[in-house]
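# Overview (structure and organization)
The chain contents come next:
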Amino acid sequence: MGRVTVRRPVVRVREQGVSRRPDALAAEEPLEIRVDGKSLAVTMRTPGHDVELAHGFLLTEGVITSVDDIATARYCDSLDDAGRNTYNVLDLALAPGVAPPDDSVERRFYTTSSCGVCGKASLDAVRTRTVFSPADDPVEIPAEVLFTLPDALRAAQKVFDSTGGLHGAGLFTADGALLCVREDVGRHNAVDKVLGHALLSGAVPATGTVLMVSGRASFELTQKAVMAGVPALAAVSAPSSLAAEMAEDTGMTLIGFLRGRSMNIYAGASRVTGLGADAG
């Protein structure tokens, strides 16, 4: 398995002078996801939790809805120049009776770490494909709990402490208990790993939970949360307009700029309790 961090020599320039020393960088390597031997996607990711990532990716793309839809997941022989397995190719076999991905899911290109090209066609597809509607989740989330989530996520990001270069995603209960946290160079990969963990744990649909992300709330991250039945998505930065539109249309609570004791609620404010009479 590839390393999560890589040590590289750097020249540090500071007011006190110039020095040379090793620095830790977040590892980034390609992962090819195959389904029944057929290449489906290549994503640039931080090695680790690859099986969760692949399960989360297939879940949020609508290929599977249950852990039982996957028969096996195994690394293929992908050798480097020294003949060692790179563990950068993962093949998942669908269970009997599970339909293969259709052409709209196939991605014969590299998904970059920042990603997020999408539009109205994708929005319409999500509306029709998700089988876990956030609108059906009656959970209520206290504002006081939401205010604790950014610090709780940051405290659980162990690799970020050494590199400063990873996105984080965490799944929390409505009372603030951390269920799972994952880090990755790609924010979408971090979310896929978290949702894949939930799927493998039998916790999809992810009712009664909050997905907290360390960056912005893009369309893609909102789509992934919707596909897993997550009722609330919170981010420390801004959402996009399409993310807010999707959250509104699917009954998801969408929160941005969650920092300290402030936040903006872009959709689903009725789920958040303790806001006072002016919240409505």
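Per an unreviewed UniProt entry, the protein chain goes by the name Sulfur carrier protein FdhD and belongs to Actinomycetospora atypica. Recorded under Sequence similarities (unreviewed entry), the UniProt text for the protein chain is reproduced unchanged: "Belongs to the FdhD family."

## A short note on the pairing of strand β4 (residues 38-45)
Counting buried residues along β4, 6 of its 8 residues qualify, which places the element largely inside the surrounding structure. Here strand β3 (residues 29-35) runs beside β4; their pairing, made up of 7 bridges, is antiparallel. Paired with Pro 30 across the two strands is Met 44, which belongs to β4. Counting the residues between successive antiparallel strands, the hairpin from β3 to β4 contains 2 residues, one of them, Asp 36, with a positive phi of roughly 50°.

## A short note on the packing of helix α1 (residues 50-60) against helix α5 (residues 187-200)
With their axes 6 Å apart at the nearest point, α1 and α5 run at an angle of 90° to one another. By the angle between their axes, α1 is roughly perpendicular relative to α5. Across the interface between the two elements, Val 51, Glu 52, Leu 53, His 55, Gly 56, Phe 57, Leu 59 and Thr 60 from α1 touch Asn 189, Asp 192, Lys 193, Leu 195, Gly 196, His 197, Leu 199 and Leu 200 from α5. Of the residues in the contact of α1 with α5, the class split is 7 nonpolar, 6 polar and 3 charged.

## Overview of the nonpolar core
Core analysis: the biggest nonpolar cluster contains 47 residues, and Leu 58, Ile 64, Leu 211, Val 213 and Leu 254 have the highest contact counts within it. Among the elements that make up this core, the one with the highest residue count is α5 (6 residues). Counting 21 residues, the second largest nonpolar core, distinct from the first, contains Ala 143, Phe 147, Phe 172 and Ile 255.

## Describing α5
The terminal C-alpha atoms of α5, which comprises 14 residues, lie 20 Å apart, in line with the 20 Å expected from a rise of 1.5 Å per residue. With 12 of 14 residues buried, α5 lies mostly within the body of the structure. Taken together, the buried positions of α5 are Arg 187, His 188, Asn 189, Ala 190, Val 191, Asp 192, Lys 193, Val 194, Leu 195, Gly 196, Ala 198 and Leu 199. Backbone geometry just after α5 places Gly 202 at a positive phi near 75°.

## Quick look at unusual backbone geometry
A cis amide bond links Val 204 to the next residue, Pro 205, at an omega of 10°. Looking at where Pro 205 falls in the secondary structure, it is placed in the loop between α5 and β11 (209-213). Positive phi values are uncommon outside glycine, yet Tyr 87 reaches one of about 55°. By the element assignment, Tyr 87 lies in the loop between β5 (70-75) and β6 (89-94).

## Description of a nonpolar patch on the surface
Side chains of Val 11, Val 13 and Val 18 sit close together on the surface and give an oily, nonpolar patch of about 280 Å² of accessible area. Within the secondary structure layout, Val 13 lies in strand β1 (residues 5-14).

Conventions used here
Residues numbered from 1 in each chain as written. Predicted model: local features only at pLDDT ≥ 70, side-chain atom pairs only at ≥ 80, totals over all residues. Heavy atoms only, no water. UniProt positions renumbered as here; feature names shortened; annotations may be inferred. Buried < 20%, exposed > 50% of the residue type's maximum accessible area, 1.4 Å probe, protein only. Helix = DSSP H or I, 4+ residues; strand = E, 2+ residues; numbered from the N terminus. Pairing = 2+ DSSP bridges. Axes fitted to C-alpha atoms, helices over the stretch in contact; angles between N-to-C directions. Parallel < 35°, antiparallel > 145°, perpendicular 65-115°, else oblique. Contact = heavy atoms within 4.5 Å. Nonpolar A, V, L, I, M, F, W, Y, C, P; charged D, E, K, R; others polar. Core = buried A, V, L, I, M, F, W, Y, C linked by side-chain atoms within 4.5 Å. Expected span 1.5 Å × (residues − 1). Patch = residues over 30% accessible without salt bridge, like charges linked within 9 Å, V, L, I, M, F, W, Y side chains within 5 Å. Areas by Shrake-Rupley, 256 points an atom, 1.4 Å probe, with all protein chains shown as cover. Salt bridge = Lys/Arg side-chain N within 4 Å of Asp/Glu carboxyl O.

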